[in-house]
Amino acid sequence: MKFYISTTWIKRVTISNSSGGGGNKGATVAATGATAARGRLSSRTLLSVVLFLGIILPFLFVRIAFLVLESASSSCSSPIDCLGWRLFSGGDTSQKLIEELTRTLMEVKDGNGVEGAIEGSLESFNELVNEMTSKQQDIKAFAFKTKAMLLGMEQKVHSAKKRELMYWYLASRGVPKSLHCLCLKLAEEYAVNAMARSSLPPPEHVSRLADTSFHHVVLLTDNVLAASVAISSTVENAANPEKLVFHIVTDKKTYASMHAWFAINSLKSAAVEVKGLHQCDWSQEVNVGVKHMLKIHRLIWSHYYNNLKEEDFEYEGENKNCLEALSRSCLSLMNHLRIYIPELFPDLNKILFLDDDVVVQHDISSLWTLDLNGKVVGAVVDSWCGDNCCPGRKYKDYLNFSHPIISYNLDQDLCAWLSGMNVFDLEAWRKTNITTSYHKWLKLSLNSGLTLWQPGVFPPTLLAFEGQVHPIDPLWHVAGLGYRSSSAHGKILESAAVLHFTGPAKPWLEIGSPEVRNLWNRHNQTGSNSVEPEGRRFCLQSLLILCIVRNW
């Protein structure tokens, strides 16, 4: 008998012997072993298939879900149509989606069909999501609606900025209630208080008014509060305040208030003179010249105002100075009178001119010993930021270089000198024809259609003083602190001898920068709220008293 077992699987068992009857028995045993092996083979294969499908099916489900979502934003008619080729294609569907999105955005960017839909555009992102999900629109519709929504928002932001700019400039044109009440209170004091009407300067200081050995400072202003800060800061920082003599020229309306303030608030040993325009003894020629000058300036202002366009109010554009040119200072007599300083002070040879919107931080006595090299005015030309660094102060910012009269005679990229803190050699001025040249330029502007420059005091002054300016150190005078974004800060503000609040945001207004306003407020002797203890009732009482006194 023979016994055989297969080495791979038990597929066959053979038992044989030499007798014939034993052969049938061997075949039966082999058939039984094969049947058992097939049973075992089927169960193992089924287990492997189940395990394989358990691993693969979750991944396949997620893949199909992503394909269905991607097909919703494609050009296919339905998700089922795209599912087949997306499932079996080897391409990168995310890359195709990006390319399709880019192509759609470019079509929307170049398209002109959005302008009419801006008015009815969606207001928020939530509305956009609800619109797209409820109507199941394609990606192109989504891009158009998004563009219309963004354009509508841009228009609203632009309109809000323009309104905010206008309100800011309107706020700069107003007179604060505190300042108005201060003038009323001082006018009342002048009417009822003998001390407020006392002589300025005191009799013992009258001889200083024409003494050229003293340091003479001139202010042309109708702002009592501003004048008090400019003068008090100069005295407080002076090495020799007894050498200072201040000459204040104001109009008839402000004279009583101005006189009362400096009569009541005496300044150490410095002398102060307050002179009203009604007290000036001018020649007939000067009177005629002043009237003619004001008339032409009013004509220029009116011409400019009547021809304003909406785009001129763009603060970031080339015409950002348009609103400034419409300020009341352009028509103020006190600002225009500086061209007549030699006639106002015939006995003086050298003076320091200060605008009322300045604050002095250091001793400035060395300015009176400054050699102007035969020039008439000493002024800052280049800024503290370097040579030819004068943003917003070039000739082209004041004059119309599209006119041949201007472009032929001047270079538009030259830096304009700073006005507001200047040393004037009046003796040299009287030897020139500066004032005559000033009037010639005014007449030339009138004959040229009033288009040679924007409204303002400085443009004709810039032309008249051409070639008569001696540059001084930039740290003597740092200007531009009345604008929203001043480039001067930190050490520059500390080192500057005179800070000038040129621009709409004057330091007595609340629209300016707190940092630079504090530099001015520390010299404000009235205090922030000292003028408004009883508000409107106090102002009304002062006004009634003034009316009674004047009628009496």
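What you see is a predicted model; the values in this text were computed from it and never measured. (Residues numbered from 1 in each chain as written. Predicted model: local features only at pLDDT ≥ 70, side-chain atom pairs only at ≥ 80, totals over all residues. Heavy atoms only, no water.)

1. Describing the overall build of the protein
To be explicit about the condition: Helix and strand assignments come from DSSP, with helices taken as H or I runs of at least 4 residues and strands as E runs of at least 2, each series counted from the N terminus. Burial classification: accessible surface area is computed with a 1.4 Å probe over protein chains only, and a residue below 20% of its type maximum counts as buried, one above 50% as exposed, and the rest as partly exposed. Residues count as neighbours in contact if any of their non-hydrogen atoms are within 4.5 Å of one another. Here the open area of atoms and residues is found with the Shrake-Rupley method and a 1.4 Å probe, where only the protein chains shown may cover a residue.
Regarding its fold elements, the protein presents 19 helices and 12 strands. Looking at the protein as a whole, 44% of its 552 residues qualify as buried. Here the contacts in the protein between residues at least 6 apart in sequence split such that 72% fall between residues at least 24 apart. Of the roughly 30,400 Å² of accessible surface on the protein, a fraction of 57% belongs to carbon and sulfur atoms.

2. Topic: the packing of aromatic side chains
To keep it simple, the criterion reads: Aromatic pairing here means that ring centres of Phe, Tyr or Trp (its six-membered ring) are within 6.5 Å. Orientation follows from the plane angle: under 30 degrees is stacked, over 60 is edge-to-face, and everything else is tilted. Only lysine NZ and arginine CZ atoms are considered, and such an atom sits over a ring when it is within 6 Å of the ring centre and within 35 degrees of the ring normal.
One pass over the full model with this rule turns up 9 aromatic pairs. Considering the side-chain rings of Trp 417 and Phe 458, the 5.2 Å spacing of their centres and the 75 degrees angle between planes classify their relative orientation as edge-to-face. Taken together, the residues Trp 417 in the loop between α13 (404-409) and β9 (421-425) and Phe 458 in helix α16 (residues 458-464) connect sequence positions 41 residues apart. Just as Trp 417 is buried, Phe 458 falls in that class too. Ring geometry for Phe 424 against Trp 429: centres 5.3 Å apart, planes inclined by 35 degrees, an arrangement best described as tilted. Neither Phe 424 nor Trp 429 differs from the other in exposure class; each is buried. Sitting above the plane of the Phe 214 ring, Lys 243 keeps its charged end 5.4 Å from the centroid.

3. Let's talk about the confidence of the model for the protein
Applicable threshold: A residue's pLDDT is the confidence the predictor assigns to it, expressed on a 0 to 100 scale.
Chain-level pLDDT for the protein is 78 on average; 70% of the residues reach the 70-or-more range. Note that residues 25-31 has pLDDT below 50 and, in this model, 6 contacts with residues that lie over four places away or in other chains. Within the model, the stretch residues 528-538 combines pLDDT values under 50 with 10 contacts to residues more than four positions away or in other chains.

4. Side note on the environment of Phe 424
By the element assignment, Phe 424 lies in strand β9. On the accessibility criterion, Phe 424 (6% relative accessible area) is buried. In this structure, the C-alpha to C-alpha distance between Phe 424 and Lys 350, residues 74 residues apart in sequence, is 5.7 Å. Ignoring sequence-local partners within four residues, the contact set of Phe 424 consists of Asn 349, Lys 350, Ile 351, Phe 353, Val 376, Val 377, Trp 429 and Phe 465.

5. Thoughts on the pairing of strand β5 (residues 271-276)
Filter applied, for reference: Two strands are said to pair when DSSP picks up at least two bridges between them. Place the viewer so that the strands point away; then a crossover is right-handed whenever the path from the first strand over the helix to the second strand goes clockwise.
Of all the 6 residues making up β5, 6 are buried; the element is thus mostly covered by neighbouring parts of the structure. Burial along β5 is two-sided: the face carrying Ala 271, Glu 273 and Lys 275 and the face carrying Val 272, Val 274 and Gly 276 are both buried. Bridging between strand β4 (residues 244-250) and β5 involves 6 bridges; their strand directions are parallel. Counted as the bridge partner of Val 245 is Ala 271 from β5. In this view, the connection linking β4 to its parallel neighbour β5 by way of helix α8 (residues 252-264) has right-handed handedness.

6. Comments concerning α8
Heads up, the rule is: The span one expects for a helix is its residue count, reduced by one, times 1.5 Å.
For α8, which comprises 13 residues, the first-to-last C-alpha distance of 19 Å matches the rise-based estimate of 18 Å (1.5 Å per residue) to within 8%. Most of α8 sits inside the fold, with 10 of its 13 residues counted as buried. Taken together, the buried positions of α8 are occupied by Thr 254, Tyr 255, Ala 256, Ser 257, Met 258, His 259, Ala 260, Trp 261, Phe 262 and Ala 263. Buried residues along α8 sit in contact with α6 (177-192), α7 (224-236), β4 and β5.

7. Overview of the packing of helix α9 (residues 284-306) against helix α15 (residues 434-447)
Defined as follows: Only the contacting stretch of a helix is used when fitting its axis, a line to C-alpha atoms as for every element, and angles between N-to-C directions run 0 to 180 degrees. Two helices crossing with the near one rotated counterclockwise from the far one by less than a right angle form a left-handed crossing, whereas a clockwise rotation gives a right-handed crossing. Any residue outside Ala, Val, Leu, Ile, Met, Phe, Trp, Tyr, Cys, Pro, Asp, Glu, Lys and Arg is labelled polar, Gly included; the first ten of those are nonpolar and the last four are charged.
At a closest axis distance of 10 Å, the pairing of α9 and α15 adopts a crossing angle of 40 degrees. For the pair α9 and α15, the sense of crossing is left-handed. In this structure, α9 uses Gly 289, His 292, Met 293, Ile 296, His 297, Leu 299 and Ile 300 to contact α15, whose residues at the interface are Tyr 438, His 439, Leu 442, Lys 443, Ser 445 and Leu 446. Classifying every residue of the contact of α9 with α15 by side-chain character gives 7 nonpolar, 5 polar and 1 charged.

8. Observations regarding the pattern of salt bridges
Applied cut-off: Any carboxyl oxygen of Asp or Glu within 4 Å of a side-chain nitrogen of Lys or Arg constitutes a salt bridge here.
As enumerated under the stated definition, the model contains 3 salt bridges in all. With a shortest N-O distance of 3.1 Å, Arg 338 and Asp 355 are connected by a salt bridge. Here the residue Arg 338 occupies a position in the loop between α11 (333-336) and α12 (341-344), and Asp 355 occupies one in the loop between β6 (350-354) and β7 (358-360), the gap between them amounting to 17 residues. Accessibility expressed as a relative area gives 12% for Asp 355, which makes it buried.

9. Section: the sheet that holds β7
Pairing is mixed across the open sheet formed by 3 strands, whose spatial order is β7-β12-β11. Edge positions in the sheet fall to β7 and β11 (477-478), since each has one partner strand and no second. Pairing analysis gives 2 bridges linking β11 to strand β12 (residues 498-500), with the strands arranged parallel. Opposite Val 478, over in β12, you have Leu 499 as the bridge partner.

10. So, α15
Between its first and last C-alpha atoms α15 spans 20 Å; for 14 residues at 1.5 Å apiece the expected length is 20 Å, and the two agree. Listed in full, the buried residues belonging to α15 are Ile 434, Thr 435, Ser 437, Tyr 438, His 439, Trp 441, Leu 442 and Ser 445. Looking at the buried side of α15, the elements it contacts are α9, α11, α13, α14 (426-430) and α16. Of the residues trailing α15, Gly 449 is marked for its positive phi of about 85 degrees.

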